[in-house]
Amino acid sequence: FGDEFYYITNIKVTNMVTSSNLIPRDDIQIYPNPASKTLNIVFPNDLINRKVKIFNSTGMMVYATQTKNPDLVLDVHSLNLKGLILVHLESEKLVSNHKLIVR
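Residues numbered from 1 in each chain as written. Predicted model: local features only at pLDDT ≥ 70, side-chain atom pairs only at ≥ 80, totals over all residues. Heavy atoms only, no water.

A short note on the sheet that holds strand E1 (residues 29–31)
Argument step 1. Spatially, three strands are ordered E1-E2-E5 in an open sheet, and the strand pairing comes out antiparallel. In this open sheet, the two edge strands, each paired with only one partner strand, are E1 and strand E5 (71–75). Strand-to-strand twist in this sheet, taken as the mean axis angle between neighbours without regard to direction, amounts to 10 degrees.
Argument step 2. In terms of strand pairing, strand E2 (residues 38–42) meets E5 through five bridges, oriented antiparallel. Directly across from Ile41, in E5, lies its bridge partner Leu72. (Pairing = 2+ DSSP bridges. Helix = DSSP H or I, 4+ residues; strand = E, 2+ residues; numbered from the N terminus. Axes fitted to C-alpha atoms, helices over the stretch in contact; angles between N-to-C directions.)

Right, here's the structure in full:
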């Protein structure tokens, strides 16, 4: 602050996700869109730790889970979601965001 400068001299990167080891987005299934009662998320079988986060239209996270199952069925009706939502999926080989509509 002021005339002082700070330098970063040592950075350690672990578990880096690169484009060469990512799962293609087409290998993930999310349906139906639009959804009204349930939302189905199907991950590729070779993923181990699957994380799901759902954000409402204001950007607030309304749901988060971690699962080892390749298939996940969410009751969006009980989450009181309406309108546009963002589904964030993450694992050791995957980082993906999907926009969906809930009626």
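Describing the side chain of Asn56
Argument step 1. By secondary structure assignment, the location of Asn56 is in the loop between strand E3 (50–55) and strand E4 (61–67).
Argument step 2. Not counting the four nearest positions on each side in its chain, Asn56 is found in contact with Val62, Leu81 and Leu84. (Contact = heavy atoms within 4.5 Å.)

A short note on the pattern of salt bridges
Argument step 1. For the coordinates displayed, the defined rule picks out one salt bridge.
Argument step 2. Notably, a salt bridge pairs Lys93 with Asp46, separated by 3.9 Å at the nearest N-O pair. Separated by 47 residues along the polypeptide, Lys93 in the loop between strand E6 (83–91) and strand E7 (94–102) and Asp46 in the loop between E2 and E3 bring together distant segments of the chain.
Argument step 3. Taking the relative accessible area as the measure of exposure, Lys93 reaches 30% and is therefore partly exposed. (Salt bridge = Lys/Arg side-chain N within 4 Å of Asp/Glu carboxyl O. Buried < 20%, exposed > 50% of the residue type's maximum accessible area, 1.4 Å probe, protein only.)

Focus on the sheet that holds E4
Argument step 1. Overall, antiparallel pairing links the four strands, which are arranged E4-E3-E6-E7 in an open sheet. Both edges of this open sheet fall to E4 and E7, since each of them pairs with a single strand only. Direction aside, the axes of adjacent strands within the sheet are offset by 15 degrees on average.
Argument step 2. Alignment of E3 against E4, held across six bridges, turns out to be antiparallel. Pairing of Phe55 across the sheet is with Met61, part of E4.

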